[in-house]
Amino acid sequence: MPKITVSLLAADFFCLERSVAIAEEGGADFLHMDVMDGVFVPNISFGVPVVSSLSKKTKLPLDTHIMAVAADRQVESLAAPGTDCITVHQEAVRHLERTLSFIRSFGIKSGVALNPATRPESIEYVLDSVDRVLVMSVNPGYSGQRFIPSALEKIRRLAALRDQTGSSFEISVDGGVDAQNVREVFDAGADIVVVGSAIYSVKDPLAALLKIREIANAST
Ligand code: DX5
Ligand code: ZN
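Residues numbered from 1 in each chain as written. Chains lettered and ligands numbered in written order. Predicted model: local features only at pLDDT ≥ 70, side-chain atom pairs only at ≥ 80, totals over all residues. Heavy atoms only, no water.

K.L.:
Which parts of the structure should I look at to understand the pattern of salt bridges?
P.N.:
One side chain can pair with another of opposite charge once the charged atoms of both are near each other. Tallied over the entire structure, the rule returns 11 salt bridges. Salt-bridge contacts for E170 lead to K3; the nearest nitrogen and oxygen are separated by 3.2 Å. Of this pair, E170 sits in strand β7 (residues 170-174) while K3 sits in strand β1 (residues 3-7), placing them 167 residues apart in sequence. Note on E170: relative accessible area 14%, which makes it buried. Between R156 and E153 there is a salt bridge whose closest N-O contact spans 3.1 Å. A residue pair is termed a helical-turn pair when its members lie 3 or 4 positions apart in one helix, as R156 and E153 do in helix α5 (residues 151-165) at 3 residues. Of the residues examined, E153 reaches a relative accessible area of 40% and is grouped as partly exposed. Among the ionic contacts, a cluster of salt bridges with common partners joins K3, D63, D84, K109, R132 and E170. (Salt bridge = Lys/Arg side-chain N within 4 Å of Asp/Glu carboxyl O. Helix = DSSP H or I, 4+ residues; strand = E, 2+ residues; numbered from the N terminus. Buried < 20%, exposed > 50% of the residue type's maximum accessible area, 1.4 Å probe, protein only.)

Next comes the structure, spelled out in structure tokens:
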């Protein structure tokens with residue numbers, strides 16, 4: 001079953017409660033929380049206090065994406081109850097296997113994100129420790145960017161790598177996913193898509209989410 005994780009980064013932060021309610025009502029599977037440090041990426045979004053408040057209010061599991069050089073130091077504080085997965089970047093973490101195992105030690109899934117220029121083979125040696133691979137289909141840091149088409153080939157390669165190695169990680173795709181390309185993304189082999197501005201930057205966010213859900217369900 002294709003899954004949708006809704007990124008709050010594109011939401012109006014003055015109306016977070018409403019934005020979360022739309023994700024819940026529209027049948028999102030997770031809430032995607034983009035935590036940034038202004039160093040690994042040139043932007044700062046929100047951090048532990050916001051994630052912690054939201055985790056207490058929403059019934060959706062959190063899917064937390066850390067874009068920070070000191071990701072290890074944030075894992076413990078971000079492992080709030082109700083968190084399904086914490087994802088760190090391959091390019092940001094020095095001892096990736098150690099960090100992924102540390103995430104799992106809190107009883108939650110571990111994820112690794114790959115920037116558009118990072119090869120899938122770079123995570124071959126940590127496949128035993130990873131539950132989810134997040135394919136960045138934009139350069140991380142901002143919502144509202146255009147989907148980079150080479151991500152489709154990366155999804156296919158990761159799916160092939162998963163078969164070859166007999167591993168079972170999920171493939172999630174983050175950046176520029178919308179009603180026009182979501183089918184192609186799932187058909188390439190994605191299990192999960194992250195959707196931000198295609199929902200929160202349009203007039204009727206709930207209708208937009210329901211539409212994406214309908215297309216996702218119809219994909220192979
Ligand atoms: C970008 C973030 C994404 C972003 C997705 O760095 O990781 O999760 O919010 O937003 P859209 O769907 O607008 O590309
Ligand atoms: Zn993200």
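K.L.:
Got a minute to help me understand the packing of helix α1 (residues 16-25) against helix α8 (residues 205-218) in this structure?
P.N.:
When two helices pack together, their arrangement is given by the angle between the helix axes and the distance between those axes. At a minimum axis separation of 9 Å, α1 and α8 run at an interaxial angle of 30°. Classified by the angle their axes make, α1 and α8 are roughly parallel. For the pair α1 and α8, the sense of crossing is right-handed. Counted together, I22, A23 and E25 of α1 and P205, L206 and L209 of α8 form the full contact between these two elements. Among the residues making up the contact of α1 with α8, the classes are represented as 5 nonpolar, no polar and 1 charged. (Axes fitted to C-alpha atoms, helices over the stretch in contact; angles between N-to-C directions. Parallel < 35°, antiparallel > 145°, perpendicular 65-115°, else oblique. Left-handed = near helix turned anticlockwise from the far one by under 90°. Contact = heavy atoms within 4.5 Å. Nonpolar A, V, L, I, M, F, W, Y, C, P; charged D, E, K, R; others polar.)

K.L.:
Explain the sheet that holds β7 to me, please; I cannot follow it from the model alone.
P.N.:
The pairing of strands in a sheet happens through backbone hydrogen bonds and is either parallel or antiparallel. What the 8 strands build is a closed barrel, ordered β1-β2-β3-β4-β5-β6-β7-β8; its pairing is parallel. The sheet shows a mean angle of 25° between the axes of neighbouring strands, taken without regard to direction. Of the strand pairs in this sheet, strand β2 (residues 30-36) and strand β3 (residues 62-67) are connected by 6 bridges, and their pairing is parallel. Among the inter-strand pairings, L31 is bridged to a residue of β3, identified as L62. Taken strand by strand, helix α3 (residues 71-78) contacts β2, β3 and β4 (83-89), and its axis lies near 160° from that of β3. (Pairing = 2+ DSSP bridges.)

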